[in-house]
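Structural features, examined
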Amino acid sequence: MKTTLLLVLLLASLFAEDSNLKISENRYNKLIKKGERVSNILCDKEKLSKVTTKSFEEVSKEIDKLNPCTKLNKRDKKALIYFLLSNDKNSSQEEAISVPKDSKCPVCGMIINKYPKWVAFIEESGKKHYFDGVKDMMKFYIFDADFPYDRSKIEEIKVTDFYTLKGIDAKEAFYVIGSNVYGPMGEELVPFATKEEAQNFMKDHKGKKIIEFKDITPKVVMALDGIEYND
């Protein structure tokens, strides 16, 4: 198993910057810019300022309730929500997982700060470990032969909510798998604080399933790398 895992990590690192990831990032950047245009052209700034930016679902409901914009179709509304969430910098930074400069993922060796929306974190025995995605974090958590440490001394496990960029309890989060959004290491478990957010994301990005932390097995993790895992 150890040899297979190391081979997977090597191959994944070689293709980590592949076009699928770049297309995904470009898509979100364009969506946020479109949302900014919608905000400037179609919306009343005073009314829009009253919209909270806690989650995708709450923003959507408040837009419906406050009606701050005119002629807002489904695509414009989606872009506006992404813009409002990305623009909530102060609250996101206050509650985001703080990563020391030049920290590297202990699984793949990537520098974590390059991918703030994917940061995951485990603290055990006073040691802090940072990851460039939930998938690598779960490899570190599950495969004790490859990553030996005392699991009983884990103090905290956190992941980054995809919409708000806030650090959330990994064991309370909901994860979408099989979507068309890729992380730094390819297919990912995309985390959310609420099931409603996960459901919205799954609809928008062709996700296959929503799972909880307890459902993340070795088989699920390795399948994300295209590997069939056998106990």
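Residues numbered from 1 in each chain as written. Predicted model: local features only at pLDDT ≥ 70, side-chain atom pairs only at ≥ 80, totals over all residues. Heavy atoms only, no water.

**Quick word on the nonpolar core**
The condition that has to hold: In this description, a nonpolar core means a group of buried Ala, Val, Leu, Ile, Met, Phe, Trp, Tyr and Cys residues linked to one another through side-chain atoms lying within 4.5 Å. Burial here depends on accessible area, computed with a 1.4 Å probe over protein chains only, as a share of the maximum for the residue type. Under 20% is buried, over 50% is exposed, and the range in between is partly exposed. Think of it this way: any DSSP run of H or I at least four residues long counts as a helix, any run of E at least two long counts as a strand, and we number them from the N terminus. By definition in these notes, contact holds between two residues if any of their heavy atoms fall within 4.5 Å.
Ranked by size, the top nonpolar core spans 66 residues in total, and within it L80, M137, V159, F162, Y175 and F201 carry the most contacts. For this core, the leading source of residues is helix α5 (residues 74–87), giving seven residues. Not counting the four nearest positions on each side in its chain, V159 is found in contact with I97, V119, A120, V134, M137, K166, G167, I168, A170, A173, Y175 and P191.

**Re empty space enclosed by the protein**
Selection rule: Cavity: a set of points on a 1 Å grid over the protein atoms alone where a 1.4 Å probe fits but cannot get out. Pocket: an open set with protein on both sides within 12 Å along at least five of seven lines, its lining residues, like those of a cavity, having an atom within 4 Å of a point. Grid points are joined across faces, edges and corners, and a volume is the space filled by probe spheres set on the points.
Inspection of every chain in the model, using the stated rule, returns one cavity of 30 Å³ or more. In this model, the largest cavity occupies a volume close to 30 Å³. In this structure, the largest cavity is lined by G178, S179, V181, Y182, E187, E188 and L224.

**Structural notes on the side chain of T160**
Our working rule: Here a polar contact is taken to be a pair of N or O atoms separated by no more than 3.5 Å, where protein atoms must pair a possible hydrogen donor with a possible acceptor and residues adjacent in sequence count only if both atoms sit in side chains.
With respect to the secondary-structure elements, T160 resides in strand β3 (residues 154–160). A polar side-chain atom of T160 sits 2.6 Å from the main-chain carbonyl oxygen of V119. Beyond its immediate stretch of four places on either side in the chain, T160 contacts I97, P116, K117, W118, V119, L165, K166 and P191.

**Here we look at the confidence of the model for the chain**
The criterion, for reference: Per residue, pLDDT measures the predictor's confidence, with a range of 0 to 100.
Mean pLDDT over the chain works out to 85, with 85% of the residues at or above the 70 mark. When mean pLDDT is taken per element in the chain, strand β9 (residues 209–212) scores highest with 98 and helix α1 (residues 2–14) scores lowest with 45. Contacts for the low-pLDDT stretch residues 6–23, under 50 throughout, to residues beyond four places or in other chains number 23 contacts.

**Notes on the state of the cysteines**
This is how it is decided: Working definition: a disulfide is two cysteine sulfur atoms within 2.5 Å of each other.
Under the definition given, this model contains one disulfide. What pairs with C43 in a disulfide is C69, and their sulfur atoms sit 2.0 Å apart. Here the S-S torsion is close to 95°, and the disulfide linking C43 with C69 is therefore right-handed. Taken together, the residues span a long stretch of sequence, with C43 in the loop between α2 (19–42) and α3 (45–48) and C69 in the loop between α4 (56–66) and α5 at a distance of 26 residues. C69 matches C43 in its accessibility class, with the two residues each being buried. Here C105 stays free of any disulfide, with the sulfur of C108 as its closest cysteine sulfur at 3.8 Å.

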